[in-house]
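Structural characterization, general
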Amino acid sequence: MSTTFQLDTATSRANPTPAPMKRLTVPRIKQRKVDGVTAEPLVMLTAYTARQAQLLDPHCDMLLVGDSLGQVIYGLPSTLPVTLDMMIAHGAAVVRGSYHSLVVVDMPFGSYEASPQQAFASASRIMAETGAAAVKLEGGVAMAETVAFLSARGIPVMGHVGLTPQAVNALGGYMARGRSEAEEAKIIADGKAVAEAGAFALVIEGVVEDIAIALTGAVAVPTIGIGASAQCDGQVLVTEDMLGMFERVPRFVKRYNDIAQVISQTAETYSADVRSRSFPTADQVYPAK
Ligand code: KIV
């Protein structure tokens, strides 16, 4: 059954029909992994706008307002120029557009690495100004103290290890991680450190599959894979990648549609209609009384 929306002009809230389930909470997400097993994998997709959130929400457990919006929405060359204000604006839109999924907002580069106190100041702004229930930050052992600091102060943190795009300059590119024994050991140590510090879930991105499987077995919290393994406790993709918005298709992406083609063909039809004066028709203009 599809969801329809009725705009409540008093609150500017678009109310869905049928009424959605209650919003998922951090404890409920965490509890999906019992004794190392997640019977039903967790579904997460990125969302950056209210309408996108409305459409994805009924099908997801979590919506991630990823800093990938830098490239996907703003055409930036990497996630590094993304600001806290950008994340807050998009985070608030996604919270407004969703009712059921847990909304997680990425902490952008430079907003949390200096100290736990800096991270708290940024994360508390995200939580207060968006209404999201959790933040995500990249990094392992070096970020464990910060994860513990935030978690102890009521800010649920999702970790992110393996290929961490904010570290692209240090890593030298976006290639898969964990091809040497040293890198493998580091990824496992990073994931364990963040999970033991109190993260409620852990994104594992762009790693050799065996590492994702081993790390999923080594931590008590759910792992969410992207370019990792079907044996992770859940999966995430950038929605535009999943929809087929871009020509470039990284190995870990499955294109479920060809939305770029749909948009391009539709724009072509519209432009032909405008140029031939076949749009607007009598149906789209206001007749005289
Ligand atoms: O920014 C993002 O979209 C992400 C996901 C790819 C995990 O961090």
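Nothing here was measured: the structure is a model prediction, and the numbers come from that model.

1. Some thoughts on the side chain of Lys136
Examined against the element boundaries, Lys136 turns out to sit in strand β8 (residues 134-136). For Lys136, the contacting residues outside a window of four places in its chain are Leu64, Val104, Val105, Asp106, Met107, Met158, Gly159, His160 and Val203.

2. Here we look at helix α4 (residues 84-96)
An ideal rise of 1.5 Å per residue puts 18 Å on 13 residues; α4 measures up with 18 Å between its terminal C-alpha atoms. Within α4 the residues assigned to the buried category are Leu84, Met86, Met87, Ile88, His90, Gly91, Ala92, Ala93, Val94 and Val95.

3. Observations concerning the pattern of salt bridges
According to the stated counting rule, one finds 9 salt bridges in the structure shown. Note that Lys33 and Asp233 form a salt bridge whose closest N and O atoms lie 2.8 Å from each other. In this pair, Lys33 sits in strand β3 (residues 33-34) while Asp233 sits in the loop between β11 (223-226) and β12 (234-237), placing the two residues 200 residues apart along the sequence. The class for Lys33 is buried, based on a relative accessible area of 7%. The partner of Arg125 in a salt bridge is Asp85, with the nearest N and O atoms 2.8 Å apart.

Cut-offs used in this document
Residues numbered from 1 in each chain as written. Predicted model: local features only at pLDDT ≥ 70, side-chain atom pairs only at ≥ 80, totals over all residues. Heavy atoms only, no water. Helix = DSSP H or I, 4+ residues; strand = E, 2+ residues; numbered from the N terminus. Contact = heavy atoms within 4.5 Å. Expected span 1.5 Å × (residues − 1). Buried < 20%, exposed > 50% of the residue type's maximum accessible area, 1.4 Å probe, protein only. Salt bridge = Lys/Arg side-chain N within 4 Å of Asp/Glu carboxyl O.

Note that all results are geometric; they support no functional claim without further evidence.
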